[in-house]
Amino acid sequence: MRVALVTGGTCGIGAATAEALQAAGYRVAANFVSHAEAAQAFAARTGIPTFGWNVADFDACRAGVARVEAELGPIDVLVNNAGITRDAMLHKMSIAQWREVLEVNLGGCFNMCHAAIGGMRERRFGRIVNMGSVNGQSGQAGQANYAATKAGLVGFTKSLALEGASHNITANVVAPGYTDTAMVGAVAPEVMARILATIPAGRLATPAEIARGVVFLVADESGFVNGITLPINGGKYMA
Ligand code: CAA
């Protein structure tokens, strides 16, 4: 049974991904950083074990991966889903808002891949999916920090794809559009109404619709799909 670790895996797209992987026959671990009670409820409901650490912390990621591997076995599949927003127009954005988003969204992906890649190389198998965003492709007013990280993940992932290919390790990006999660729910209703009008599908994605793309990319049978960005955005942006 393949082992999969999903960061930010107890709510939103991460939770849907963890559950979809479980349904597809993976032994799944879900990482979280705060909201321990919600993580506990998620574990109780799904039977998926949860592990708390901050992906922005390099050493905590190494320790976290070691804990997951001790309990579940070597990690075959890593889904770097953990991400945050600190939206503000650039002229109002603080250096703290810039740094926090970079450290979690981009730094967290580096930290987690760095911790897991050695084992994948040794075992000559790995599947990595990094959660991008339509806004990393199109840009979004108020998200210079977030969009920079999500675009940065694409270059990071393509480099990893080149490095891992000879070891049967693939790395791909899923780029969700606006999805029915707490993150999108935090956008002011009048702003959201304007955004909804730009989505041809006329609605938000469900988290499960994003998870479906992850399950495809991490399958053993998807070994020749490497370095791509899979947009799942209801037609909002076509690269
Ligand atoms: N394009 C261009 N200009 C825009 C704009 C847009 N989409 N939205 C706002 N502006 C302009 C406004 O017209 C205004 O201009 P003036 O000052 O000249 O009148 C200026 O920007 C300031 O706008 P606000 O009054 O809204 O500024 P604010 O400081 O109150 O709020 C904000 C700024 C918090 C960034 C708010 O605009 C916002 O929440 N925007 C949405 C950001 C967004 O889409 N976030 C996505 C979160 S979900 C996610 O990230 C998941 C994912 O991957 C998709």
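Residues numbered from 1 in each chain as written. Predicted model: local features only at pLDDT ≥ 70, side-chain atom pairs only at ≥ 80, totals over all residues. Heavy atoms only, no water.

Draft legend 1. Looking closely at the nonpolar core. Membership of the largest hydrophobic core comes to 30 residues, with the highest contact counts inside it found for L5, W53, L78, M112 and I128. When residues of this core are traced back to their parent elements, those giving at least two are β1 (3-6), α3 (58-72), α4 (95-123), α6 (144-164) and β6 (169-176). Broken down by element, this core gets its largest block of residues, eight residues, from α4. In this view, L5 contacts A29, N31, W53, V65, V68, I75, V77, L78, V79 and M112; residues no more than four positions away in its chain are not counted. Of all hydrophobic cores here, the second largest spans 23 residues; its members include A15, V129, M131 and I232. (Core = buried A, V, L, I, M, F, W, Y, C linked by side-chain atoms within 4.5 Å. Buried < 20%, exposed > 50% of the residue type's maximum accessible area, 1.4 Å probe, protein only. Helix = DSSP H or I, 4+ residues; strand = E, 2+ residues; numbered from the N terminus. Contact = heavy atoms within 4.5 Å.)

Draft legend 2. Inspection of α3 at higher detail. In this model α3 runs 21 Å from its N-terminal to its C-terminal C-alpha over 15 residues, within 8% of the 21 Å that 1.5 Å per residue would give. The set of residues buried in α3 consists of A60, C61, G64, V65, V68 and L72. One face of α3 carries all of its buried residues, which in axial projection span an arc of 135°. Opposite the buried face of α3, by more than 90 degrees, sit the exposed residues D59 and A70. Each element contacted by the buried residues of α3 is listed here: β1, β2 (27-32), β3 (50-52) and α4. Residue D57 occupies the N-cap position of α3, its side-chain oxygen lying 3.1 Å from the main-chain nitrogen of D59. The positive-phi residue at the C-terminal boundary of α3 is G73, with phi of around 110°. (Expected span 1.5 Å × (residues − 1). Arc of directions from axis to C-beta. Polar contact = N/O pair within 3.5 Å; in protein donor to acceptor, adjacent residues only side chain to side chain.)

Draft legend 3. Fine view of the site of the ligand. Around the ligand, 18 residues are found, and the nearest of them are D87, S133, Q143, Y146 and Y178. Contact between the ligand and D87: a nitrogen atom at 2.7 Å from a side-chain N or O atom of the residue. In the environment of the ligand, an oxygen atom lies 2.9 Å from a nitrogen or oxygen atom belonging to the side chain of Q143. Counting residues per element, the ones that place at least two in the shell around the ligand are α7 (182-185) and α8 (189-196). Per-element accounting of the shell around the ligand gives the leading share, three residues, to α8. Of the residues in the shell around the ligand, the class split is nine nonpolar, six polar and three charged. (Near = heavy atom within 4 Å. Nonpolar A, V, L, I, M, F, W, Y, C, P; charged D, E, K, R; others polar.)

Draft legend 4. Expanded view of the pattern of salt bridges. Taken as a whole, this structure holds five salt bridges when the rule is applied. We note a salt bridge from R45 to E19, for which the minimum N-O separation is 3.0 Å. One end of the pair, R45, is in helix α2 (residues 36-46); the other, E19, is in helix α1 (residues 12-23), with 26 residues separating them in the sequence. For E19, a relative accessible area of 27% gives the class partly exposed. Of the charged contacts, one joins R203 and E209 as a salt bridge, the two residues approaching to 2.8 Å between their closest N and O atoms. (Salt bridge = Lys/Arg side-chain N within 4 Å of Asp/Glu carboxyl O.)

Draft legend 5. Molecular detail of the side chain of H167. Assignment of secondary structure puts H167 in the loop between α6 and β6. Classification of H167 by relative accessible area gives buried; the value is 15%. In terms of polar contacts, H167 uses its side chain to reach the side chain of S166, at 3.0 Å. The residues contacting H167, other than those within four sequence positions of it, are R121, R124 and F125.

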